[in-house]
Amino acid sequence: MVTPKRLAELIEGESVMDAEPIEDADRDCPDCGENVLKVGYMPGVTSFVTGYKCQECDWAEIEDEE
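Below you will find a few notes about this structure. (Residues numbered from 1 in each chain as written. Predicted model: local features only at pLDDT ≥ 70, side-chain atom pairs only at ≥ 80, totals over all residues. Heavy atoms only, no water.)

**Quick word on the packing of aromatic side chains**
Under the defined criterion, the tally for this structure stands at zero aromatic pairs. Taking the ring centre of tyrosine 52 as reference, the NZ or CZ of arginine 27 above it sits at 4.5 Å. (Phe/Tyr/Trp six-rings, centres within 6.5 Å; stacked < 30°, edge-to-face > 60°. Lys NZ or Arg CZ within 6 Å of the ring centre and 35° of its normal.)

Right under this line is the structure:
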């Protein structure tokens, strides 16, 4: 099973400072239609984002929280 920090790193493409627990995003992947997970994380000291990642394919999306 993937950890929240590892999922955030898969979405971000590099290491992150901290991550919140993984949740079901209650949406389907736009590419393959499978389940999507979401995780909130801090890629840096001054930012917090929510990342979405499909469980079955490579689709991922980042939503900035400003």
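**Considering the pattern of salt bridges**
Scanning all chains against the criterion turns up one salt bridge. When the shortest N-O distance is used, the salt bridge between glutamate 61 and arginine 27 registers 3.1 Å. With glutamate 61 in strand E5 (residues 60-65) and arginine 27 in strand E2 (residues 23-28), the pair connects residues that are 34 residues apart, well separated along the chain. A residue is classified by how much of its surface remains accessible, and glutamate 61, at 33% relative accessible area, is partly exposed. Owing to a relative accessible area of 30%, arginine 27 belongs among the partly exposed residues under this scheme. (Salt bridge = Lys/Arg side-chain N within 4 Å of Asp/Glu carboxyl O. Helix = DSSP H or I, 4+ residues; strand = E, 2+ residues; numbered from the N terminus. Buried < 20%, exposed > 50% of the residue type's maximum accessible area, 1.4 Å probe, protein only.)

**Let's talk about the environment of alanine 25**
Along the chain, alanine 25 falls in strand E2. Residue classification places alanine 25 among the buried positions, given a relative accessible area of 14%. Sequence-wise, alanine 25 and valine 36 are 11 residues apart; in three dimensions their C-alpha atoms are separated by 5.6 Å. Once residues within four sequence positions are removed from consideration, alanine 25 is found in contact with Val36, Leu37, Lys38 and Tyr52. (Contact = heavy atoms within 4.5 Å.)

**Quick notes on the side chain of lysine 53**
The topology assignment puts lysine 53 in strand E4 (residues 47-54). Here lysine 53 sits buried without a salt bridge, and the closest side chain of opposite charge, aspartate 58, lies 4.7 Å off (N-O distance). In this structure the side chain of lysine 53 is engaged in a polar contact, spanning 2.6 Å, whose partner is the backbone oxygen of cysteine 57. For lysine 53, the residues in contact, after removing those within four places along its chain, are Leu7, Ile11, Asn35, Val36, Leu37, Asp58, Trp59 and Ala60. (Lys, Arg positive; Asp, Glu negative; His and termini not counted. Polar contact = N/O pair within 3.5 Å; in protein donor to acceptor, adjacent residues only side chain to side chain.)

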